[in-house]
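Commentary on secondary and tertiary structure
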Amino acid sequence: MTSFKFTKMHGLGNNYIYVNLFEEQLEEAKLPEIAKQVANVYTGIGSDGLILICPSDKAEVKMRIFNSDGSEGKNCGNGLRCVAKYAVEHKLVLDTEFKIETLSGLVEAKVQLENDQVKLVTVDMGEPRLLKSQIPMAGDGNEKTINEKMEFDGQIYEVTTVSMGNPHVIFYVDDINQAPVTTLGPIVEKDERFQEGVNVEFVQVVSEKELHFRVWERGSGVTQACGTGACAAVVSSVLNNYTNHGEETTVHLAGGDLQIKWTKAGTVLMTGPAEVICEGTYYLSE
Ligand SMILES: N[C@H](CCC[C@H](N)C(=O)O)C(=O)O
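Residues numbered from 1 in each chain as written. Predicted model: local features only at pLDDT ≥ 70, side-chain atom pairs only at ≥ 80, totals over all residues. Heavy atoms only, no water.

**A short note on the overall build of the protein chain**
Threshold: Under the scheme used here, helices are H or I runs from DSSP no shorter than 4 residues and strands are E runs no shorter than 2 residues, and both carry numbers assigned from the N terminus. For the radius of gyration, the atom set is restricted to C-alpha positions; the globular benchmark scales as 2.2 Å times the number of residues to the power 0.38. Note on contacts: a residue pair is in contact if any heavy atoms of the two residues lie within 4.5 Å. Residues counted as positive are Lys and Arg, residues counted as negative are Asp and Glu, and His and the chain ends are not counted. A charged residue contributes its charge at one atom only: NZ of Lys, CZ of Arg, CG of Asp or CD of Glu.
Along its length, the protein chain carries four helices and 18 strands. Relative to the 2.2 N^0.38 estimate, which gives 19 Å for 286 residues, the radius of gyration of the protein chain is 18 Å and therefore close to what a compact globule would have. Along the first, second and third principal axes, the C-alpha set of the protein chain runs to 50 × 40 × 35 Å. A separation threshold of at least 6 residues defines the contact pool for the protein chain, and within that pool the share at least 24 residues apart is 61%. The centroid of the 25 positive side-chain charges in the protein chain is displaced by 2 Å from the centroid of its 41 negative side-chain charges.

Now the structure itself:
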């Protein structure tokens with residue numbers, strides 16, 4: 001019977017099972033199956049997926065993220081804040097500012113401490129990628145997709161696509177509470193024009209400083225929050241002249257708020273909470 005220690009953490013309700021690979025060992029070939037198992041709320045622990053906190057030769061720590069369907073993502077904003085919290089509180093890093101390696105590159109995390117506890121984390125998520133070839137998606141790879149007509153399920157929508165190291169497509173709606181998250185979301189997620197699938201975001205513009213946001217995540221479905229998605233939504237809103245470049249936007253997600261700024265320097269800063277839910281030992285079923 002294989003078992004391993006885990007910590008369940010969440011960022012605005014986007015919750016994952018975290019395993020510290022500085023101390024535990026998991027078989028590489030079994031990682032997708034382990035992610036599916038621990039995510040299962042009936043026979044596992046219940047989560048949006050699995051996140052591994054790994055040694056790195058490029059940064060203080062490396063994050064790998066697996067969605068609840070077992071697919072490996074290339075970035076995870078809420079996950080990065082929780083990894084930063086874990087790394088500081090378990091003394092994997094000794095600074096309050098440090099780099100984290102992801103499959104889509106290095107990011108810079110900065111934690112805010114209160115009595116040795118990490119409450120808020122700011123992550124510089126790097127520059128958004130806007131070309132179709134970088135999303136990736138079909139079409140002219142040197143072009144961007146900003147407010148472009150695309151047909152899904154027999155209807156024409158105007159969409160914008162942004163990669164934060166993982167792919168996002170943003171739909172603007174008049175009322176976030178009427179957004180077709182569970183009907184249109186799964187159709188778009190698997191649309192063949194997105195070669196690697198896509199995370200699907202619905203955004204209602206409240207003002208030039210506020211957005212309402214809901215998400216159907218690639219590989220996990222509806223989640224309470226998506227950090228990379230919220231960053232993509234802010235970039236998209238600047239590109240569509242709904243919000244201002246270089247100014248902070250409050251993104252209201254189902255699980256709470258993120259403060260996000262697409263800086264004039266070009267990178268996207270995301271600030272939000274990270275919380276520990278529980279710790280334990282998981283017994284893998286064969
Ligand atoms: N479903 C995403 C990974 C998790 C991203 C999200 N939970 C976040 O906080 O950024 C993908 O496959 O690209």
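The discussion continues.
**A look at the domain arrangement of the protein chain**
Put simply, the rule is: Here the limits of each domain have been adopted from an automatic or database domain assignment. Buried area: the accessible area, evaluated with a 1.4 Å probe, that two parts lose upon being put together, summed over both parts.
Here the domain parsing of the protein chain yields domain 1 (3-123 + 273-283) and domain 2 (132-266). Between the C-alpha centres of domain 1 and domain 2 there is a distance of 24 Å. Across the boundary between the two partners, domain 1 contributes 19 residues, which contact 20 residues of domain 2. Both faces considered, domain 1 and domain 2 share a buried interface measuring about 1,200 Å² in area, 44% of it formed by carbon and sulfur atoms. Of all residues in domain 1, Leu12, Lys74 and Asn75 bury the most surface against domain 2, accounting for 40% of the area lost on that side.

**Re the pairing of strand β8 (residues 117-124)**
Spelled out, the test is: Pairing between strands requires that DSSP locate at least two bridges from one strand to the other.
Relative to β8, strand β7 (residues 105-114) runs antiparallel, the two sharing seven bridges. Note on β8: the bridge partner recorded for Val111 is Val121. Hairpin connection, β7 to β8: the antiparallel pair is bridged by two residues, and Asn115 has positive phi, about 50°. Sheet topology note: the β8/strand β17 (residues 268-273) ladder contains five bridges and is antiparallel.

**Digging into the UniProt feature "active site" (unreviewed entry) in the protein chain**
Here is the rule we go by: UniProt positions are given in the numbering used here, feature names are shortened, and annotations may be inferred rather than shown by experiment.
Per the UniProt entry, the sites bearing "active site" (unreviewed entry) are Cys76 and Cys226 in this numbering. Look at the named residues: they lie 151 residues apart in sequence, but the longest C-alpha span between them is just 7.5 Å, so in the fold they bunch up. Once you skip the residues sitting within four places of it in the chain, Cys76 turns out to touch Asn14, Tyr16, Ile51, Met63, Ile65 and Thr228.

**Some thoughts on the pattern of salt bridges**
Heads up, the rule is: By definition, a salt bridge exists where a carboxyl oxygen of Asp or Glu is found within 4 Å of a side-chain nitrogen of Lys or Arg.
For the structure on display, the rule yields twelve salt bridges. Note that Arg64 and Glu28 form a salt bridge whose closest N and O atoms lie 2.9 Å from each other. Remark: Glu28 occurs in the loop between β2 (14-20) and α1 (31-39) and Arg64 occurs in strand β4 (residues 61-67); sequence separation between them is 36 residues. One connected set of salt bridges, linked through shared partners, spans Glu28, Arg64 and Glu72.

**Quick word on the environment of Lys149**
Threshold: The buried label applies to any residue whose accessible area, calculated with a 1.4 Å probe on protein chains only, is under 20% of its type's maximum; exposed applies above 50%, and partly exposed to all values in between. Whenever two N or O atoms come within 3.5 Å, that pair is a polar contact, provided that in protein one can donate a hydrogen and the other can accept it, and provided that, for residues adjacent in sequence, both atoms are side-chain atoms.
Along the chain, Lys149 falls in strand β9 (residues 148-152). On the basis of relative accessibility, which here comes to 55%, the residue Lys149 falls in the exposed class. Discounting chain neighbours no more than four positions away, the residues touching Lys149 are Ile156, Tyr157 and Glu158. At 2.6 Å, the side chain of Lys149 and the side chain of Glu158 are in polar contact.

**Digging into the side chain of Thr122**
Position of Thr122 among the secondary structure elements: in strand β8. With residues near it in sequence (within four places) discarded, Thr122 still touches Glu108, Ala109, Lys110, Gln112, Met270 and Thr271.

**Overview of the pairing of β2**
The line we're drawing: A clockwise course of the path from the first strand over the helix to the second, judged with the strands pointing away from the viewer, identifies a crossover as right-handed.
Counting buried positions over the seven residues of β2 gives seven, a clear majority of the element. Of the two faces of β2, the one holding Asn14, Tyr16, Tyr18 and Asn20 and the one holding Asn15, Ile17 and Val19 are both buried throughout. Sheet topology places strand β1 (residues 3-11) next to β2; five bridges connect them, and they run antiparallel. Paired with Thr7 across the bridge in β2 is Tyr18. Hairpin connection, β1 to β2: the antiparallel pair is bridged by two residues, and Leu12 has positive phi, about 55°. Taken together, the four bridges between β2 and strand β3 (residues 49-54) define a ladder with parallel strand orientation. Within the sheet, the bridge partner assigned to Asn20 lies in β3 and is Ile53. As a crossover connection, the stretch from β2 through α1 into β3 is right-handed.

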